[in-house]
Amino acid sequence: RAMDLLVNEKKASESVILFKDAIRYFPDGRMFLFLTKAYIELNDIENASKTNEIGFKIGCDPYYELPFNDALINALKKDTASCIASLNEAVNEGFLNKDKIVNEKRFDFIRDHHDYMSMMVNTFNNDAKLKALLFKNYLKIIPDLSLPYEESIDSVSNHPGDKYINYDYAVFIPEMEDGRFSRDVTNEYFYVGKIKLENNYHAVVYKTYFAVADTLNPTKTYVITYDSVGTVIDDEVIGCFCSPTTSQAF
């Protein structure tokens, strides 16, 4: 009856009373889950937070509904970072209801944030519009290169340590995307610069640095070419510090 009041009749306040009665009878984790949702509908941040915390403590199946509730609570607080972090936890735990995220009005305040776009693109990679927006953000962090650009033998091993490419943008670098879920720590990725081409296409020069090595840390330089919405056209090694005797300048 409580579920009927909450979901079908949209009477969250009345459902709270019955959910509490149900919990007194049998304190099942899902009862706390739905009581939290009732409090969220009432914009009752304090009680929603306390109730969801109990849900975390006693367990709930499916688990991913609990961090999703947290995302909704953080949305009520207008806490951007915590809201996106909770959404990330939810999708990583298996929350794959894209429509429920896209149609939730409480999340409207995070739609333009690059972390939100990254999560949606990397989780639901069929969203071409969001991918195009994320690609624009990716290009913004990369400076333009002055042409002609070259790298000599004595500098191919250098890597710009303060210019990490965030894993938010892993979808645009195939090798990085392959290691995204494992968070492979053997390679680090750095941007060097970008070149604007015809038809709003771009080429990006970036480096990979093999961080786990005893004495030598191989560094490779790539040029990767994209169309206007971030689809990879080509990705090729153009420079390499592979060993003291094997290096390639460009």
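That block above? That's the structure.
Asks: Is there a simple way to think about helix H2 (residues 12-25) in this case?
Replies: Within an α-helix, residues lying three or four positions from one another point in the same direction, as the helix has 3.6 residues per turn. The end-to-end C-alpha distance of H2, which contains 14 residues, comes to 20 Å, matching closely the 20 Å that a straight helix rising 1.5 Å per residue would cover. Taken residue by residue, H2 has Ala 12, Ser 15, Val 16, Phe 19 and Ile 23 as its buried positions. Looking down the long axis of H2, one finds its buried residues gathered within 110° of arc, a one-sided arrangement. Along H2, exposed side chains directed more than 90 degrees from the buried face belong to Ile 17, Arg 24 and Tyr 25. Here the buried face of H2 lies against helix H1 (2-8) and helix H3 (29-41).

Asks: So what exactly am I meant to see when it comes to the pattern of salt bridges here?
Replies: Pairs may arise between side chains of opposite charge once their charged atoms sit close together. Throughout the structure, instances matching the rule amount to 11 salt bridges. Here Asp 4 ties to Arg 1 by a salt bridge, and the two come within 2.8 Å at their closest N and O atoms. Accessibility expressed as a relative area gives 59% for Arg 1, which makes it exposed. In this structure, Glu 41 and Arg 106 form a salt bridge, with 3.3 Å as the shortest nitrogen-oxygen distance.

Asks: I'm lost on unusual backbone geometry in this one. Help?
Replies: Across residues other than glycine, the phi torsion is negative in most instances, and most of the peptide bonds are trans. Following Leu 147, the chain continues to Pro 148 via a peptide bond in cis, the omega torsion being -5°. Tracing the backbone shows Pro 148 in the loop between helix H9 (128-140) and helix H10 (174-178). The phi angle at Lys 78 is positive, at roughly 60°, despite the residue not being glycine. Locating Lys 78 in the fold gives a position in the loop between helix H5 (65-77) and helix H6 (80-92). Phi at Asn 200 takes a positive value of approximately 65°, unusual for a residue other than glycine. With respect to the secondary-structure elements, Asn 200 resides in the loop between strand S1 (187-196) and strand S2 (202-210).

Asks: Even after reading the chapter, I still don't get the sheet that holds S2, so can you show me in this structure?
Replies: Strand pairing in a sheet is mediated by backbone hydrogen bonds. Such pairs are either parallel or antiparallel. Spatially, the 5 strands line up as an open sheet ordered S1-S2-S3-S4-S5, and their pairing is antiparallel. Where the open sheet ends on each side, the last strands, each with one partner, are S1 and strand S5 (246-248). Neighbour-to-neighbour, the strand axes of this sheet turn through a mean angle of 25°, independent of strand direction. As defined by bridge partners, strand S4 (residues 232-243) adjoins S5 across 3 bridges and the pair is classed as antiparallel. When the sheet's bridge partners are listed, Phe 241 is paired in S5 with Ser 247. Packed onto the sheet, H9 meets S1, S2 and strand S3 (219-226) and runs at close to 70° relative to S2.

Conventions used here
Residues numbered from 1 in each chain as written. Predicted model: local features only at pLDDT ≥ 70, side-chain atom pairs only at ≥ 80, totals over all residues. Heavy atoms only, no water. Helix = DSSP H or I, 4+ residues; strand = E, 2+ residues; numbered from the N terminus. Expected span 1.5 Å × (residues − 1). Buried < 20%, exposed > 50% of the residue type's maximum accessible area, 1.4 Å probe, protein only. Arc of directions from axis to C-beta. Contact = heavy atoms within 4.5 Å. Salt bridge = Lys/Arg side-chain N within 4 Å of Asp/Glu carboxyl O. Pairing = 2+ DSSP bridges. Axes fitted to C-alpha atoms, helices over the stretch in contact; angles between N-to-C directions.

Interpretation in functional terms is not warranted from these geometric data alone.
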